[in-house]
Amino acid sequence: MPLSRTELTHRFTQRRANPRLVALHRALSRLKSTVTVLHTGAHPDDEQNAMLACMRFGLGMRTIIGCSTRGEGGQNTLGPERGGALGVVRTRELEESAKVIDADIVWFGFGPNDPAHDFGFSKNGHDTLERWQHDLIVERMVGAYRSEKPDIVIPTFLDVPGQHGHHRAMTMAAEQAIALAADPDAYPEHFARGLAPWQVTKYYLPAWSGGGSTYDDEVPPPAETVRFIATDPDFASGVTFDEIGEWSRLYHASQGMGRWPENPKAEWPLHLRAGPDDNGSITDNLPGCLADIIPGLAAADTAIATAIAAFPKAGEIIAPLAVALEVIETNAETVPAQHIHRIETMIADLEAAMLVATGIDCVAALDRPVVAQGQTIDLSLTLRGAPEDVSVDLILPDGVSVIAQRPGRYTLEVAPDAPITEPFTQSFAASGANGDACIVLTLTIAGRTISSAVGLERPLTIVPAASVSLAPSAVLVPADAEFSGCSVEVKIEGGAGDLSLSSPQAIEVAPNRDGVTLSGRGLAEGRHGLDVLLDDTPAFTVQPIDYAHIGKSLYVTPARLDILALNLALPTDRRVAYVGGGADNVGVWLARMGFEVTELDARALSEDLSGFPTIVVGIFAFGLRPDLAASTEALHAYVEAGGNLVTLYHRPWDGWDPDGVPPRFLKIGQPSLRWRVTNPEAPVEVLATDNPVLAGPNPISARDFEGWNKERGLYFAAEWDKAYTPLLAMSDKGEDPLKGSLLTAEIGRGRHTHTSLVLHHQLDNLVPGAFRILANLVAGGRM
């Protein structure tokens, strides 16, 4: 079957990024060092990619990224994914990013249902560790130290006031885990898993400030004790390591990462917190080569140097690598126990380099990467340049078997009870196979039998045999009143079954041609959940995720219909225009609230806007919509002529010119840590109860801020024109009140209101007060 255009583009993109000679040089560069460095952070994108690229490609170190969360509590500039679905996106982004710099990954958190998850911004490391379960996160880090055996540990950020609490927590835990990893009495359950105590030799802190647009370290960084310097560009590509780092960071697209390095960074100052003193290099006092382990391995170092010097002549590389292997095996019994892992890693890397040098090209691909329980799927294998004696074995997960085979093609059957694929794995290997299925090649090279695992082009993902989609998945009904005629479209994918919903007595569920109709009365204000069943068994919803930079993924959750019973008043004129950037669901919620929503595209923005009483601009939209940025003068004229403009949360870099975007001067504060309220339960003071924006059609009070999720808001306004009136004041504990979360101004015959409250997030989490606040913003003082 020919590849689709999308799959063909993906394949060529991957192959173009790693042609054979580059792959060969990367494989050879792994042989230059026996040192391992672990770089810890709290979120995907925290890592210092350029520094890791230099350590890996420049010095040959094994590099590992240790990450405590999947970033599921963060932002998403690409699309509407939030929570666990965003965690899937950011997990895949870190995996693709790590491939570029050939770094492995170990995870310390496993998604939104794990204690160690991204619960949103925090200003305190101790509070974060308490939320994560302090002993749990430290135990997982100790386990990683003992399994990966890093010589060097470097956290990404400092544990200082003004820094993200998640970052501070990871730095605290990274240091605590060092002593415990070496303690034979700590976590003895590890030893049953084959682990042993491990002493990290060096622990460095960054000797640079973590301040900037988001954070604001209150104390200077520790004194520099050593400077890690990239003296030359990358040999294989000829570009700076800073540029390679940005190639890598570009994959963190949901966070808007990736920049052109105008002045490439080539130095990273570090502070030695624990370990033997440096004499000018971070590798001092470490076994950097085989001869440092035992002198008898010096001949292996010489053979490796000969192979590296022969690059790019692949035919002259294999023989010296075979000599290095022979030397290592001859001396293996004399290697001290604490260095056996270095020998094992070197043997694996030598064999991998020999395989690349042979020129074997293996591509294993599924005809579709997602398969449901009970279905079949084809796997194609393209093998070029392999000797006749090569053998091919398939490693398949439980519940998957080969039912037919012909040259270059296998038909796989997934059992009806095969386990569903878990999206949050524990680790990722930059080289080698990932996922539950792979190909193992076994062949003879230079008289040696070598086996190598080759990952599938896209990993096998098994989903439930049947899944349910609901449209909408959440409905709004009046609280304490009768409602009827609420239709929900139900689609069952992958099979048929008797669908039912578990519902309280106050709700009646009746089938209709396309799904179900809800009716009832007397529901108290709040969220009510109805579990969806298929044949009396809990059903699942499969959320597809598809972005070019990470490919197709899925997020599987129990199927559930949410009902929000709500006391809500709307203005008489319910027409509203919405300008979104694809980063929120506000337009959807406005329609479900009962507004007549018109989404404005580029053409509509260029036409007469006076027909809309209100225009709402979604989050980040000025940075995501060039057509919107070009329409600021028209929006200003719209307000002056009597229109009501509402702008939702923006960051300073989202195209927000404080003098040009809002109708009057309004500057967003940064770093965000100083201009946000992270406690979702922080007290809120209403400053102007009689202001028309707060007065109606829903009287806004402190009760509308009950039950908020994650945080109150961020990137509050710091300065504004005297035309604006601040409506609310709030702060985190011990801090001065901030008044820039909700500002409104009468301008000409119209009004502009800007809010930094995370209303979009509260709407998605069905917080009643957020709907009333949004209704009032849209009303703009008009009843």
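Figured I'd write up the structure that's included with this text. Each residue is numbered by its place in its chain's sequence as written, counting from 1. Per-residue local features of the predicted model are confined to residues with pLDDT of at least 70, and side-chain atom pairs are confined, for both listing and counting, to 80 or more; whole-chain, interface and lining totals are unaffected and use all residues. In computing side-chain values, all of the structure's heavy atoms are included and hydrogens and water are not.

### Things to note about the packing of aromatic side chains
Then comes step 1: Only Phe, Tyr and Trp rings take part, Trp by its six-membered ring, and two of them pair if their centres are within 6.5 Å. Stacked means planes under 30 degrees apart, edge-to-face means over 60, and tilted covers everything else. On inspection of all chains with the given rule, the structure shows nine aromatic pairs.
Then comes step 2: Ring centres of Phe228 and Trp268 lie 6.0 Å apart, and the angle between their planes is 40°; on these two criteria the pair is classed as tilted. Residue Phe228 is located in strand β6 (residues 226-229), and its partner Trp268 is located in strand β7 (residues 267-274); the two are separated by 40 residues in the primary sequence. When sorted by exposure, Phe228 lands in the same class as Trp268, which is buried.
Then comes step 3: An aromatic cluster is defined as three or more aromatic residues linked by ring pairs; in this entry it consists of Phe620, Tyr649, Trp653 and Tyr715.
Then comes step 4: In this scheme, Lys NZ or Arg CZ marks a charge over a ring once it lies within 6 Å of the ring centre and within 35 degrees of the ring normal. The side chain of Arg676 reaches across the aromatic face of Phe121, ending 3.7 Å from its centre. Strands are runs of DSSP state E lasting at least 2 residues, helices are runs of H or I lasting at least 4, and numbering of each runs from the N terminus. Three exposure classes are used, based on accessible area relative to the maximum for each residue type with a 1.4 Å probe and protein chains only: buried under 20%, partly exposed in between, and exposed over 50%.

### Looking at the sheet that holds strand β39 (residues 750-755)
Then comes step 1: With mixed pairing, seven strands are arranged side by side in an open sheet as β30-β29-β31-β32-β39-β38-β36. The open sheet terminates on both sides in strands that have one partner only, identified here as β30 (596-599) and β36 (724-726). Here the average twist between neighbouring strands, direction ignored, is 20°.
Then comes step 2: Between any two strands, pairing holds if DSSP finds at least two bridges. Relative to β39, strand β32 (residues 644-647) is paired through four bridges, and the arrangement is parallel. Looking across to β39, one finds that Val646 is bridged to Thr753.
Then comes step 3: Throughout, a contact is declared for two residues whenever any of their heavy atoms are within 4.5 Å. What counts as an axis is a line fitted to C-alpha atoms, over the stretch in contact for a helix, and the angles between N-to-C directions run from 0 to 180 degrees. Helix-sheet contacts for helix α12 (residues 586-593) involve β29 (575-579), β30 and β31 (614-617), and the interaxial angle to β30 is about 155°.

### So, the sheet that holds strand β4 (residues 152-155)
Strand pairs in the sheet, formed through backbone hydrogen bonds, run parallel or antiparallel to each other.
Then comes step 1: Judged by pairing direction, the sheet is mixed, and its eight strands sit side by side in the order β6-β7-β5-β4-β1-β2-β3-β14 without closing on themselves. Sheet topology places β6 and β14 (427-428) at the edges, where each strand pairs with a single neighbour.
Then comes step 2: As paired strands, strand β2 (residues 62-67) and strand β3 (residues 104-107) are joined by four bridges and run parallel to one another. For Cys67, the partnering residue across the bridge sits in β3 and is Trp107.
Then comes step 3: Sitting on the sheet, helix α3 (residues 49-58) touches β1 (36-41), β2, β4, β6 and β7, and the angle it makes with β2 is about 150°.
Then comes step 4: Helix α7 (residues 165-182) contacts β1, β2, β4, β5 (202-206) and β7 of the sheet and is inclined by roughly 165° relative to β5.

### Notes on helix α11 (residues 340-358)
Then comes step 1: Expected span of a helix: the number of residues minus one, times 1.5 Å. With 19 residues, α11 extends 28 Å from end C-alpha to end C-alpha; this agrees with the ideal 27 Å at 1.5 Å per step.
Then comes step 2: Every buried residue of α11 is listed here: His341, Arg342, Ile343, Met346, Asp349, Leu350, Glu351, Ala353, Met354, Leu355 and Ala357.
Then comes step 3: Of the surrounding secondary structure, the elements contacted by the buried residues of α11 are α2 (20-29), α9 (298-310), α10 (318-331), β15 (438-445) and β16 (448-455).
Then comes step 4: Among the residues trailing α11, Gly359 stands out with phi positive, at a value near 85°.

### A look at the packing of α3 against helix α4 (residues 83-101)
Then comes step 1: Put simply, α3 and α4 touch, their axes get as near as 9 Å, and they point 40° apart. Relative to α4, the element α3 is oriented oblique. In this structure, α3 contributes Asn49, Leu52, Ala53, Arg56 and Phe57 to the contact, and α4 contributes Ser97, Val100 and Ile101.
Then comes step 2: Considering only residue class, the contact of α3 with α4 consists of five nonpolar, two polar and one charged. Angles below 35 degrees are treated as roughly parallel, those above 145 as roughly antiparallel, those between 65 and 115 as roughly perpendicular, and all remaining angles as oblique. Polar here means any residue outside two lists: the nonpolar Ala, Val, Leu, Ile, Met, Phe, Trp, Tyr, Cys and Pro, and the charged Asp, Glu, Lys and Arg; Gly therefore counts as polar.

### Some points on the nonpolar core
Then comes step 1: Grouped together as the largest cluster of nonpolar side chains are 75 residues, with contacts concentrated most on Ile615, Leu728 and Phe771.
Then comes step 2: It is helix α19 (residues 768-779) that contributes the most residues to this core, seven residues altogether.
Then comes step 3: Among all residues touching Ile615, those that are not within four sequence positions of it are Ala577, Val579, Leu609, Leu635, Tyr638, Asn644, Leu645 and Val646.
Then comes step 4: Grouping buried Ala, Val, Leu, Ile, Met, Phe, Trp, Tyr and Cys residues that are joined through side-chain atoms within 4.5 Å yields what is termed a nonpolar core. In this structure, Ala357, Ile377, Ala418 and Ile450 belong to the second largest nonpolar core, which totals 55 residues.

### A few points about the side chain of His43
Then comes step 1: Looking at the element boundaries, His43 is found in the loop between β1 and α3.
Then comes step 2: Polar contact criterion, stated in full: a pair of N or O atoms within 3.5 Å, where within protein one must be able to donate a hydrogen and the other to accept it, and residues adjacent in sequence count only if both atoms are side-chain atoms. A polar contact of 2.9 Å, which involves the side chain of His43, links it to the side chain of His166.
Then comes step 3: Among residues more than four places away in sequence, those in contact with His43 are Cys67, Thr69, Arg90, Asp118, His164, His166 and His167.

### Focus: the environment of Ser281
Then comes step 1: Along the chain, Ser281 falls in the loop between β7 and α9.
Then comes step 2: Through-space distance from the C-alpha of Ser281 to that of Thr225 is 9.6 Å; in sequence the pair is 56 residues apart.
Then comes step 3: Those residues in contact with Ser281 that sit more than four places away from it in its chain are Lys202 and Val226.
Then comes step 4: Of note is the side chain of Ser281, whose polar atom sits 2.8 Å from the side chain of Thr283.

### Thoughts on α10
Then comes step 1: Between the first and last C-alpha of α10 there are 20 Å, a value that for 14 residues agrees with the 20 Å anticipated at 1.5 Å per step.
Then comes step 2: Every buried residue of α10 is listed here: Ile318, Pro320, Leu321, Ala322, Ala324, Leu325, Val327, Ile328 and Asn331.
Then comes step 3: Looking at the packing, one finds that the buried side of α10 touches α2, α9, α11, β15 and β16.

### Regarding the pattern of salt bridges
Then comes step 1: Any Lys or Arg side-chain nitrogen located within 4 Å of an Asp or Glu carboxyl oxygen qualifies as a salt bridge. Within the structure shown, the criterion is met by 46 salt bridges.
Then comes step 2: Here Glu735 and Lys123 are joined by a salt bridge, their closest N and O atoms 2.9 Å apart. In this pair, Glu735 is assigned in the loop between β37 (728-730) and β38 (742-747) and Lys123 in the loop between β3 and α5 (125-132), connecting sequence segments 612 residues apart.
Then comes step 3: Relative accessible area serves as the criterion here: at 17%, Lys123 is assigned to the buried category.
Then comes step 4: Connected through shared salt-bridge partners, Arg30, Arg56, Asp102 and Asp349 make up one network.

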